[in-house]
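# Observations on the model geometry
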Amino acid sequence: NQLEETIYSMRDKLSTSLSAFSTEDEKSPLMALLTSLEDWLYEDGMDVEKSVYDAKYAEIMDKCGPIEARAREADLRPDAIGELRKALARFSEFVGSSDEAYAHIEADDKAKVAAEVEAATAWLSEAEAKLAASPATADAPIKSAEITAKASALEGVCNPIMRKPKPAPKVEAAPPSPAPAEAEPAPAAEGDDAAAEPAAAPPPPAGADMDVD
């Protein structure tokens, strides 16, 4: 069933969605192959080992694979280029910005971002020129994966610089607290003078000064 479906779908694609990506020199032999495989499938191919079907399927995919790859690249390429252009625009704006949010970023760091933007812009311009000169029926000279990788590399260098956090404000040490003053003795309360004076000696016992015969 898979082989049968592939024969029908590939024949249809070669006449529609894959038509712009295949030359007549490729298309004519492929159409002939598909027709011969269809005839074989309903004659000698009705009852054979699975490995035979697998081999016939692989033959189709091997010959149609490059054409499908071109179509796939053409489909992926606009998004890849768009993402790279967005990154270039964002970092270009950062380089020329005088926003206070970026005031803490050193001039050398901004210069590094500017250099990366310039290099990536030149690379993209050259890549687009090569792609424009290459016909749809040829393999793309620049793959969408290469464009995506270029955007990722640009982000990897420039994003950490653009998002560099502001340094934390310096916190000055508080001056030392003055030593506590020594407490002065509390003034004596009224009536405490008598308590502070030594007690009077007790009177001598009666008769202590009498002469003894």
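Structure report, in brief. (Residues numbered from 1 in each chain as written. Predicted model: local features only at pLDDT ≥ 70, side-chain atom pairs only at ≥ 80, totals over all residues. Heavy atoms only, no water.)

Moving on, we get to the packing of helix H3 (residues 50-96) against helix H4 (residues 107-133). It is at 10 Å that the axes of H3 and H4 come closest, and there the two elements cross at 150 degrees. Judged by the angle between their axes, H3 and H4 are roughly antiparallel. H3 and H4 meet at a crossing whose hand is left-handed. In contact with Arg77, Ile81, Leu84, Arg85, Leu88, Phe91, Ser92, Phe94 and Val95 of H3, H4 contributes Lys110, Val113, Ala114, Val117, Ala120, Thr121, Trp123, Leu124, Glu128 and Leu131. Class assignment for the residues of the contact of H3 with H4 results in 13 nonpolar, 2 polar and 4 charged. (Axes fitted to C-alpha atoms, helices over the stretch in contact; angles between N-to-C directions. Helix = DSSP H or I, 4+ residues; strand = E, 2+ residues; numbered from the N terminus. Parallel < 35°, antiparallel > 145°, perpendicular 65-115°, else oblique. Left-handed = near helix turned anticlockwise from the far one by under 90°. Contact = heavy atoms within 4.5 Å. Nonpolar A, V, L, I, M, F, W, Y, C, P; charged D, E, K, R; others polar.)

Ranked by internal contacts, the top residues of the largest apolar core, which has 22 residues, are Leu84, Leu88, Phe91, Phe94, Val113, Ile147 and Leu154. Put simply, the parts of the chain that give this core at least two residues each are H3, H4 and helix H5 (144-162). Among the elements that take part in this core, H3 stands out by supplying 7 residues, more than any other. Setting aside residues up to four positions removed in sequence, Phe94 forms contacts with Tyr102, Ile105, Lys110, Val113, Ile161 and Met162. Leu3, Leu33, Leu34 and Ala71 belong to the second-largest nonpolar core, a separate cluster that totals 16 residues. (Core = buried A, V, L, I, M, F, W, Y, C linked by side-chain atoms within 4.5 Å. Buried < 20%, exposed > 50% of the residue type's maximum accessible area, 1.4 Å probe, protein only.)

At their nearest, the axes of H4 and H5 sit 9 Å apart, and the two run at 170 degrees to each other. Taken as axis vectors, H4 and H5 run roughly antiparallel relative to one another. Residues Asp109, Lys112, Val113, Glu116, Val117, Ala120 and Trp123 of H4 touch H5, and the partners they reach there are Glu146, Ile147, Lys150, Leu154, Val157, Cys158 and Ile161. Class assignment of the residues belonging to the contact of H4 with H5 gives a composition of 9 nonpolar, no polar and 5 charged.

Treat this as a map of the structure, not an account of what it does.
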